[in-house]
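Structure assessment
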Amino acid sequence: MSDETTPVLVGGGQFTWRGDPAASPSPTHLLKFAAERAASDAGLGSSVLSGIDGLAVISFAVDAPGERRIMPHSTNPPATLARRLGASPDWSVYTRTGGNSSQYAINVAAQRIAEGRNQQILVVGAEFMGSGVKRLTRGLGFEDWDDAEDLPPPDWIGDGRPGVSAYEAAHGMDRPINIYPLFENALRARDGRSIPDHQKRLGELFAPFTQVAAGNPEAWFPTERSAEELVTVTAANRMIGFPYPKFLNAIMDVDQSAGVLITSLARARELGVGEDRMVFLHGCADANDIWNPIERQDFHSSPAMRLTGEQALDMAGIPVAEVAAFDLYSCFPSAVQVGAESLGLSLEDPRGFTVTGGLPYAGGPGNNYAMHGVVVMMQRLRARPGTFGLCTANGWYLTKQSTGVYSTRRPSRAFERQDPAVLQARIDSLPRPTVMERPSGRGRVETYTVIHDREGYRMGVIVGRDAADRRFAAIIPGTETAALASLEAEEGVGRTGTVSRSDDDRRNLFILD
């Protein structure tokens, strides 16, 4: 194992803007602030950033497939940032959409260093929806954002497919707040808990997250809340997608950035980085679940989470029992529960599941939350030298998974990232249910949610099975208030009804018995 090719994270930085939205930093400035803090964290001046030979910028949420460019920013964020840093990286990329992107980009960067293709890589991301939305709605303008350059498109890394199929989107399965409740209700039904008991469990799961956020100086909501407060529906905590009130949902409207500086061990020593700053990536893995949720084996597990966790720990050469700290991707409680189960962890594990406070409380900056988890994990591990930390990152709808295992301890073997195609082949070979896009007749509910807006019920989303056990998607219109109320009062999984096409022939309707 050579110092020339051993990748090491030498610095990590975060930035949170809480000021006047009319004076909020532009996207490039947010990226630059995090990069400069990463350099400072490494004990280096910001001038070191001009020497990077690799740059990966995490995609902004406004660049997701199908989104309109309503907030001005560079058409090539890596190129604009590089110019601001005075850098000319040989490798400059922008990630595709997905909350897995931060860990995925770190894994790729570490591999490039291990292969001798780069010596000094900055991986950084930012989100600006908090001030951006306020600027739009208040007519504040963006004249002071001077980085809205029209440049040739960037080089991309990652899987850029839309998160769901047109069929799923037509039936409301096109937003995280609509899909993650489907996983949650499937988990509850599988485990046989009553709705009140399960709601209590959700509050108890996420109350410790709020405690961690309360002690995190970069948290968007540094407020400790009780388990009861998190799940009690009030005017301030309205129901979003049953069974999740607002306090159990990730918050995307934030202004936050984070990044890490990764070098070879030889370059770190050449720069004069102290040994006490160095954090090594011991293990990593990346894989996608069966892409469209409607085609998966069930709605309560993630083979990709399980396999990437197993592979990352195997690469690191440790069992999960030796991990001292976790940061599990926490956009919604179902993601944490599936993530913990995939790693063989009890929900009562005393090590906890977050070092930041999680996406609903520390902040859920679009595709870049996991970067914040890595930066804080670096701090934790430096404070406890020789221990291990594990971070997971989840993209789309329990779809894209990336895992990293970190420690200040120098690895005893060379860094060799397994080709993601190895795990992907295992996942792609899994059996899939038959999907019936135009069902008719009798059906039963496999999982469901009830979607609310500020005025009340918007619709129910049903994933069901027809008489031949073929899976289908359907909706219950928001006007069917009695049916929707019943799905929140008593278990809906397993209930029966009739499915037919809507009058406009655009989607399926489900009428409960």
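Everything quoted here is computed from the prediction, not taken from an experiment. (Residues numbered from 1 in each chain as written. Predicted model: local features only at pLDDT ≥ 70, side-chain atom pairs only at ≥ 80, totals over all residues. Heavy atoms only, no water.)

1. A few points about the pairing of strand β1 (residues 7–16)
Using the following cut-off: In this scheme, a residue with accessible area under 20% of its type's maximum is buried, one over 50% is exposed, and one in between is partly exposed, where area comes from a 1.4 Å probe on protein chains only. Runs of H or I in DSSP of at least four residues are treated as helices and runs of E of at least two as strands, each being numbered from the N terminus. At least two bridges found by DSSP between two strands is the condition for calling them paired.
Among the ten residues of β1, ten are classified as buried, and the element is accordingly described as predominantly covered. Pairing geometry for β1 and strand β8 (residues 256–264), over nine bridges, is antiparallel. Counted as the bridge partner of P7 is S264 from β8.

2. Topic: the pattern of salt bridges
Quick note on the threshold: Here a salt bridge means any side-chain nitrogen of Lys or Arg lying within 4 Å of a carboxyl oxygen belonging to Asp or Glu.
Using the criterion set out here, one finds 30 salt bridges in the structure. The partner of D41 in a salt bridge is R382, and the shortest N-O contact between them spans 2.8 Å. Note that D41 is positioned in helix α1 (residues 27–41) and R382 in helix α12 (residues 369–383), a separation of 341 residues in sequence. Residue R382 is classed as buried on the basis of its relative accessible area, which comes to 13%. Among the ionic pairs, E310 bridges to R306, the shortest N-O distance being 3.6 Å. Of the two residues, E310 and R306 both sit in helix α10 (residues 303–316), four residues apart, roughly one turn of that helix. By relative accessible area, which is 36% here, R306 ends up partly exposed.

3. With respect to the packing of aromatic side chains
Put simply, the rule reads: Stacked, edge-to-face and tilted are the three classes for Phe, Tyr and Trp ring pairs, Trp counted by its six-membered ring, which pair at centre distances within 6.5 Å; planes under 30 degrees apart are stacked, over 60 edge-to-face, the rest tilted. A positively charged side chain is recorded as over a ring if its NZ (Lys) or CZ (Arg) lies within 6 Å of the ring centre. The angle to the ring normal must also be within 35 degrees.
Counted by the stated rule, this structure contains 17 aromatic pairs. For the ring pair Y94 and W156, a centre distance of 5.1 Å and an interplane angle of 50° mean the geometry is tilted. Placement of the pair is Y94 in strand β3 (residues 91–95) and W156 in strand β5 (residues 155–157), with a sequence separation of 62 residues. Take W156: its relative accessible area is 34%, and that puts it in the partly exposed class. Three or more aromatic residues link up through ring pairs in this structure, and these residues are Y180, F183, Y244, F299, F332, W396 and Y397. R161 extends its terminal NZ or CZ atom over the ring of W291, reaching a point 3.8 Å from the ring centre. Geometry around F247 places R225 over its ring, the cationic atom sitting 4.1 Å from the centre.

4. Focus: helix α2 (residues 77–85)
Note the threshold: Between two residues, a contact is recorded if the distance between any of their heavy atoms is within 4.5 Å.
P77, P78, T80, L81, A82 and L85 are the residues of α2 that are buried. Lining the buried residues of α2 we find α1, β2 (54–57), β3 and β4 (120–127). Positive phi shows up at G86, right after α2, with a value of about 70°.

5. Examining the packing of helix α7 (residues 195–214) against helix α11 (residues 333–342)
Stated formally: Helix axes are fitted only over the stretch in contact, all axes being lines through C-alpha atoms; the angle between N-to-C directions runs from 0 to 180 degrees. Angular relationships are summarised with four words: roughly parallel below 35 degrees, roughly antiparallel beyond 145, roughly perpendicular across 65 to 115, and oblique for the angles in between. We call Asp, Glu, Lys and Arg charged. Ala, Val, Leu, Ile, Met, Phe, Trp, Tyr, Cys and Pro are nonpolar, and the rest, Gly among them, are polar.
Direction vectors running N to C along α7 and α11 enclose 85°, while the axes themselves pass 10 Å from each other. With respect to α11, the element α7 is oriented roughly perpendicular. Residues H198, R201, L202, L205, F206 and F209 of α7 touch α11, and the partners they reach there are P333, V336 and Q337. Along the lines of polarity and charge, the residues of the contact of α7 with α11 split into six nonpolar, two polar and one charged.

6. Some words on unusual backbone geometry
Geometrically, the link from F242 to P243 is a cis peptide bond, its omega value of 15° lying close to zero. If you trace the backbone, P243 turns up in the loop between β6 (239–241) and β7 (244–245). The phi torsion at L398 lies on the positive side, around 55°, for a residue other than glycine. Here L398 shows up in the loop between β11 (388–395) and β12 (400–407).

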